[in-house]
Amino acid sequence: MTDLGTDPGLADVHPARRPGEAGLLGHCDEVLQLPQVHDGLTERQWDAPSLCGGWRVREVAAHMSMGFRYAFGRTALELVRAGGSLHRMTDRLARRDAVALTPRQLAAALRDNARHPWRPPVGGLAAALGHDVVHGLDITVALGLGREVPEERLRIVLGTVAPRTLRFFGADLADVELRATDLEWSYGTGSRVARPAQELLLLAYGRALPEARAEH
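In what follows, the accompanying structure is described. (Residues numbered from 1 in each chain as written. Predicted model: local features only at pLDDT ≥ 70, side-chain atom pairs only at ≥ 80, totals over all residues. Heavy atoms only, no water.)

## Things to note about the overall build of the chain
When helices and strands are counted, the chain shows 12 helices and 3 strands. Taking all 216 residues of the chain together, the buried fraction comes to 50%. Long-range pairs, those at least 24 residues apart, make up 70% of the contacts in the chain between residues at least 6 apart in sequence. Working note: accessible area of the chain is about 10,200 Å², and carbon and sulfur atoms make up 52% of it. (Helix = DSSP H or I, 4+ residues; strand = E, 2+ residues; numbered from the N terminus. Buried < 20%, exposed > 50% of the residue type's maximum accessible area, 1.4 Å probe, protein only. Contact = heavy atoms within 4.5 Å. Areas by Shrake-Rupley, 256 points an atom, 1.4 Å probe, with all protein chains shown as cover.)

Following this line, the structure appears as structure tokens:
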């Protein structure tokens, strides 16, 4: 598990790629649409593994709403209890809240806070949108739901992919060129990996694609 909200590379988004109003609307829309996905999940799907290492779907959902549910002071206290480790804190809270909250409550926490001003510690709107998009894909791709993220949102988050981002998320893409097959975007040089843009986004964020998609 890696907390998307802590990526230092997201602070370095090129000014031309900064999302502005489009990013704000995309962030709100993404947070509004994901609960609709959650509402249709079965209990078995809530307990299924996600693409976010070590977390089930319910832990990912709990983590996605953590910024809405915890005030700054409470978050600071939890960070102290975790010995200053943000990763340890977010993992512990996600696991605890996934047990304490029902699926309906987890979905409602996102739906009711779609326009909440929360932002990750660095990266602003691009990081907030990246948090929503990638963790949303952690769920929908793992479950094979076939949801496609709108191109405008994908482009904003793809604009955050940089060497520091790859290192932070442990994505080994040395001598690899990522090239999208459904929009004009590429990153890196070397052996070409050609896939739909949202699959490349997951690879750049250190995710392993499900076997069926990895062989596509």
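## Observations regarding the sheet that holds strand 2 (residues 186–187)
The mixed open sheet is built from 3 strands, whose spatial order is 2-1-3. Each edge of the sheet is formed by a strand with only one pairing partner; in this case those strands are strand 2 and strand 3 (191–195). Set on the sheet, helix 11 (residues 197–204) makes contact with strand 1 (176–180) and strand 3; between it and strand 3 the angle comes to about 125 degrees. (Pairing = 2+ DSSP bridges. Axes fitted to C-alpha atoms, helices over the stretch in contact; angles between N-to-C directions.)

## Comments concerning the environment of Val37
Position of Val37 relative to the elements: it lies in helix 1 (residues 20–39). As for Val37 and Ala107, which are separated by 70 residues in sequence, their C-alpha atoms are 8.7 Å apart. Apart from the residues within four sequence positions on either side, Val37 is in contact with Thr140, Leu145 and Arg147.

## A short note on the nonpolar core
Counting 30 residues, the largest nonpolar core has Trp185, Leu201 and Tyr205 as its most contacted members. No other element matches the 6 residues that helix 11 contributes to this core. Those residues in contact with Leu201 that lie beyond four places of it in its chain are Val133, Val134, Leu137, Leu154, Val157, Leu158 and Val161. (Core = buried A, V, L, I, M, F, W, Y, C linked by side-chain atoms within 4.5 Å.)

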